[in-house]
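Coordinates in review
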Amino acid sequence: MGHEAVCLEGVNFAYASWPVLEDVSLFVARGEYVCILGPNGGGKTTLLKVILGITPPQSGRVSLLGQRPEQARVKAGYMPQAIKSDLQVPVTAKEVVLMGRLGVEGGWRYSRSDLKKAEEVLAFLGLEPLKDRFFAELSGGQRQRTLIARALACDPEVLILDEPTANVDPEGGKLLAELLAELKGKIALLLVTHDLSFVSKHVDRVFCVNRRVVEHPTSELDSFSLHELYNEPMRLVRHDLVLGNEER
Amino acid sequence: MDLGLGILANAFFITFLASVSFGILGTLVVVRRVSSAAGAISHSVLGGIGIGLFCERALGIPWGGPLPGAILAALVSALGISWVSLRFQQREDTVIGAIWAVGMAIGLLFLSKTPGYADPMSYLFGNILLVSDTDLFLTALLGMAVLGVVAPFYREILVLCFDESFAKVRNIKTEMLSTCILLLVALATVAMLRLVGLILVIALLTLPAAIACVFPMKLWKAMIFAGVLCLLLSWAGIIASYFLDLPTGSSIAVLAGAAYLVAIGLKARAPRA
């Protein structure tokens, strides 16, 4: 099989007559770690949904792992924004993680290997003691970790995370960065964020989404390109210094 | 001919059968927040009843009658609401309101042109005297259909409720599943029409489930708990209405509402763990 994880060619997407994505082409190889930046409402989440075949584009070609998104998406680990999940639904952390196993094997019930994998991922993310808690009772950071665990539960070949650092304390953000650095090279990582401190040295490439998609080499991501992206003067804040990160 | 006791026994039996589907579907309605859709469906049933009676009595169509009309109207409204919510989500609220009111209006128009005596009140608020063997049979059938859909697809339904876009990525047919649930809800409202009436049926569907959802428990436990509550509340309502000479449907609805208030009160007083 080819080495492509995600490939978009000339994709256009509009809600009613409101264009959200225009002539978007991008290519992400297997094993690459890619960040997707952009202002709110710029189309970041829509881009992920197009990649996963949740919202089919009006025109253009989308492929995931060399196949149509509908065929390949069970091999994708997806973490939607945490706020999209319904807190009124009584589900435990373990039940949430098990959702990631749906479609991996057939059958009416979760198999022994499904349960084993879920336990593994829970332990990997330090959620073992919380697994029987209800999702609504967890803190913002714990919820986020549960959703990441769910995304990892299907042994994904592509991991797609939508705003994984929202509502997460700096400590949690650091843990996530370490986790992603560990996964890098093994599977493709697509991460949507508006948290610029997350664009670490591990990130291979950065795409900026604001209706159109522009690629920036990471070195170029300075206040000039930020200005261009957000259309207002912005200043880079070195979070890593504040947090005492080892990034220097 | 049965007197008094036979009617009561029928009422007890139909609530027993209906509690299976009401516990399960009510919990899904509450958790998915589609109470207003369920309300619109149950009210629009009057349209079907009116047309059904009109067909039977004015046009002499043999397969007419209130029950086939009610079932058809419930299914059509459920499909309509489902279609709108999938395709034009922003309009969902408006369409639900329209189906609610227009469905009832159509029913009253047809009833007014139906020869002979047709009392809308007994359809609106139920009449314990009208529960028939056909209702019992259909309610049992519905219970089996609900179990037949929800038991094998429990995991899929759980994801659908919690996080629809994730469900899509797991290749779950979310649109079909949510339409299926709404169709079953539509049939459930028809099943209890005779006993509690189409206006009050929504109370029996959602309040036991809402009580169950006040307390943290897994979804399947909430379904069982809601079913048991539905049974106890309706039996209590039937008994109260028998001894106090009150309308059955209203007694059940008021009891369910009171129980919900008590549950919320208990929850508010309980110390947080």
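Right above here is the structure, for reference.
All of the points below concern the structure found in this document. Residue numbers restart at each chain and count upward from 1, following the sequence in its written direction. Each chain is given a letter, starting from A, and each ligand a number, starting from 1, according to the order in which they appear as written. Given that the model is predicted, a residue must reach a pLDDT of at least 70 before its local features are reported, and side-chain atom pairs must reach 80 or more before they are shown or counted; all residues, however, enter totals for whole chains, interfaces and linings. Side-chain measures here rest on the full set of heavy atoms in the structure, leaving out hydrogens and waters.

**Some words on the overall build of chain B**
Formally: Helix and strand assignments follow DSSP, with helices taken as H or I runs no shorter than four residues and strands as E runs no shorter than two, numbered in order from the N terminus. As defined in this context, the radius of gyration uses C-alpha atoms, and a globule is described by 2.2 Å times the residue total to the power 0.38. Throughout, a contact is declared for two residues whenever any of their heavy atoms are within 4.5 Å. Throughout, the Shrake-Rupley method with a 1.4 Å probe supplies accessible areas, and for residues the shown protein chains are the sole cover considered. Counting rule for charge: Lys and Arg are taken as positive, Asp and Glu as negative, and neither His nor the chain ends is counted. Here the site of a charge means NZ on Lys, CZ on Arg, CG on Asp, or CD on Glu.
Across its full length, chain B holds 12 helices and zero strands. Its helices and strands in sequence order give chain B the pattern α-α-α-α-α-α-α-α-α-α-α-α, from N to C terminus. Relative to the globule expectation of 19 Å for 273 residues, the C-alpha radius of gyration of chain B, 19 Å, shows essentially globular dimensions. The principal-axis extent of the C-alpha atoms belonging to chain B is close to 60 × 45 × 30 Å. Pairs at least 24 apart in sequence give 78% of the contacts found in chain B among residues at least 6 apart. As displayed, chain B offers around 12,400 Å² of accessible surface, 72% of which is attributable to carbon and sulfur atoms. Side chains of chain B give 16 positive and 12 negative charges; the mean places of these two sets differ by 13 Å.

**Side note on the overall build of chain A**
Assigned secondary structure in chain A consists of eight helices and nine strands. Considering only residue pairs separated by 6 or more positions, chain A has 67% of its internal contacts joining residues 24 or more positions apart. For chain A, the accessible surface area stands at approximately 11,700 Å², while carbon and sulfur atoms represent 51% of it.

**Remarks on the sheet that holds strand β4 (residues 59-64) of chain A**
Residues and elements named next belong to chain A. Under the convention used in this document: Two strands are counted as paired when DSSP detects at least two bridges linking them. The axes are straight lines fitted to the C-alpha atoms, using for helices just the contacting stretch, and the angles between their N-to-C directions are given from 0 to 180°.
Within the open sheet, the three strands sit side by side as β2-β1-β4. Their pairing is antiparallel. Looking along the sheet, the strands with just one partner apiece sit at the ends: β2 (18-29) and β4. With direction set aside, neighbouring strand axes in the sheet form an average angle of 20 degrees. The sheet contact formed by strand β1 (residues 4-15) and β4 spans five bridges and is antiparallel. From the neighbouring strand, Glu9 faces β4, where its bridge partner is Arg61.

**Focus: unusual backbone geometry**
This is how it is decided: Each residue gets one of three labels from its accessible area relative to the maximum for its type: buried under 20%, exposed over 50%, partly exposed in between, using a 1.4 Å probe on protein chains only.
Its identity as a non-glycine residue notwithstanding, Asp155(A) has a phi of 50 degrees, on the positive side. For Asp155(A), a relative accessible area of 47% puts it in the partly exposed group. Positive phi, normally seen in glycine, also occurs at Arg33(B), with a value near 55 degrees. Looking at the secondary structure, you find Arg33(B) in the loop between α1 (5-31) and α2 (35-57).

**Considering the side chain of Arg143(A)**
Residue and element names in this part refer to chain A. Keep this limit in mind: For salt bridges, the criterion is a side-chain nitrogen of Lys or Arg within 4 Å of an Asp or Glu carboxyl oxygen.
Note that Arg143 resides in helix α5 (residues 140-152). Nearest to the buried, unbridged Arg143 among oppositely charged side chains is Glu137, at 9.4 Å. Non-local contacts of Arg143, meaning those with residues more than four positions away in its chain, are made with Leu87, Phe135, Ala136 and Leu138.

**With respect to the interface of chain B and chain A**
Rules: By buried area we mean the combined loss of accessible area, with a 1.4 Å probe, across both parts when two parts are placed together. Whenever a nitrogen or oxygen atom comes within 3.5 Å of another N or O atom, the pair is scored as a polar contact, on the condition that within protein one atom can donate a hydrogen and the other can accept it, and that pairs from neighbouring residues in sequence are kept only if both atoms are in side chains.
With 23 residues of chain B at the contact, the number on the chain A side is 34 residues. Taken together, the two surfaces of chain B and chain A that pack against each other cover about 2,700 Å², and 61% of this comes from carbon and sulfur. Counting the surface chain B buries against chain A, the share from its top three residues, Arg155(B), Phe162(B) and Arg170(B), is 32%. The tally of links between chain B and chain A comes to one salt bridge. Scanning the region where chain B abuts chain A turns up 11 residue pairs in polar contact (both at pLDDT 80 or more).

**Description of the packing of aromatic side chains**
This is how the line gets drawn: When two rings of Phe, Tyr or Trp (its six-membered ring) have centres within 6.5 Å they constitute a pair, described as stacked for plane angles under 30 degrees, edge-to-face for angles over 60, and tilted for the intermediate range. Both a distance and an angle decide whether a charge sits over a ring: NZ of Lys or CZ of Arg must be within 6 Å of the ring centre and within 35 degrees of the ring normal.
Within the structure shown, the criterion is met by eight aromatic pairs over all chains. An angle of 85 degrees between the planes, with centres 5.2 Å apart, marks the rings of Phe12(B) and Trp235(B) as edge-to-face. Of the two residues, Phe12(B) sits in helix α1 while Trp235(B) sits in helix α11 (residues 219-244), which places them 223 residues apart along the sequence. On the accessibility criterion, Phe12(B) (23% relative accessible area) is partly exposed. With 6.5 Å between their ring centres and 10 degrees between their planes, Phe13(B) and Phe16(B) make a pair best called stacked. Residue Phe13(B) and its partner Phe16(B) are both found in helix α1; the two are separated by three residues, about one turn of the helix. Geometry around Phe135(A) places Arg143(A) over its ring, the cationic atom sitting 5.9 Å from the centre.

**Looking at the nonpolar core**
What counts here: For this analysis, a nonpolar core means a set of buried residues of the types Ala, Val, Leu, Ile, Met, Phe, Trp, Tyr and Cys, connected via side-chain atoms within 4.5 Å.
Core analysis: the largest hydrophobic core is formed by 126 residues, its most contacted members being Val6(A) and Leu195(B). Every residue in contact with Val6(A), bar those within four places of it in the chain, is listed here: Leu26(A), Phe27(A), Val28(A), Ile51(A), Ser63(A), Leu64(A), Val158(A) and Leu190(A). Formed by 23 residues, the second largest nonpolar core is a distinct cluster that contains Leu53(B), Ala70(B), Ala118(B) and Ala186(B).

**Details of the pairing of strand β5 (residues 76-79) of chain A**
Residue and element names in this part refer to chain A. Neither face of β5 is open: one carries Ala76 and Tyr78, the other Gly77 and Met79, and all of them are buried. For β5 and strand β6 (residues 158-162), the ladder comprises four bridges, and the chain directions are parallel. Residue pairing for β6: Gly77 is matched across the bridge by Leu159.

**Concerning the pairing of β2(A)**
Residues and elements named next belong to chain A. Pairing between β1 and β2: eight bridges, direction antiparallel. For Glu4, the partnering residue across the bridge sits in β2 and is Ala29. Counted along the chain from β1 to the antiparallel partner β2, the turn is two residues long, and its residue Ala16 has a positive phi close to 55 degrees.

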